[in-house]
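Coordinates in review
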Amino acid sequence: MYVSLTALKPKNFFSYLKFWTLAIPSFAQAQAAKGQLHVSAKRVKGYQCTITAWESREVMLDFMRSGAHLKAMKQFHSIATGRTYGYEGTDIPSFSEAFELLQEKGKNY
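Residues numbered from 1 in each chain as written. Predicted model: local features only at pLDDT ≥ 70, side-chain atom pairs only at ≥ 80, totals over all residues. Heavy atoms only, no water.

Now for the overall build of the chain. Summing up its helical and strand segments, the chain has four helices and five strands in all. The helix and strand sequence of the chain, counted from the amino end, reads β-α-β-β-α-α-β-α-β. Since a compact globule built from 109 residues should have a radius of gyration of about 13 Å, the 13 Å found for the chain is in line with a globular shape. Each of the three principal axes of the chain carries a C-alpha extent, and together these read 40 × 30 × 20 Å. Within the chain, the proportion of its 109 residues that are buried is 41%. (Helix = DSSP H or I, 4+ residues; strand = E, 2+ residues; numbered from the N terminus. Rg over C-alpha atoms; globule rule 2.2 N^0.38 Å. Buried < 20%, exposed > 50% of the residue type's maximum accessible area, 1.4 Å probe, protein only.)

Let us look at a nonpolar patch on the surface. A grouping of Phe-13, Phe-14, Tyr-16, Leu-17, Trp-20 and Ile-24 is seen on the molecular surface, where their side chains present a nonpolar patch of about 650 Å² in accessible area. Within the fold, Ile-24 resides in helix 1 (residues 13-32). A residue is classified by how much of its surface remains accessible, and Ile-24, at 54% relative accessible area, is exposed. (Patch = residues over 30% accessible without salt bridge, like charges linked within 9 Å, V, L, I, M, F, W, Y side chains within 5 Å. Areas by Shrake-Rupley, 256 points an atom, 1.4 Å probe, with all protein chains shown as cover. Salt bridge = Lys/Arg side-chain N within 4 Å of Asp/Glu carboxyl O.)

Okay, structure coming up:
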C-alpha cells in the first residue's frame, strides 16, 4: 500500500477561499479514484492535512496527474505553502503521526 500525506496552509484569506474551491473537487476525485483505499482530511496546527492510501504508487500518480487534482497542483504555489510525503506502508497513520512524519521527512513547497 502506498500512503500519501499532505499539509497545506493557504497564504491569506483570499488564498484560503481559492484553496477550498480547488480542494473540494480534488477530495471528491480522490474518494472516487480507482485504487484508493483510504481518503481523509483534517485541520492540524493550522494546516489542511490529508491522508490517502492507494493500492500502489502508480495508481496514486495516475490520480495526482489528472482532473481536479492536477488543476489544484498547477495553482498551488500561488495560494499555499506546505509539505508532502509518500511512502510504502502497511498501516494508515493517525493525523498526529502523519503530521510528525511530514515535519520530519516531508518535502517543503
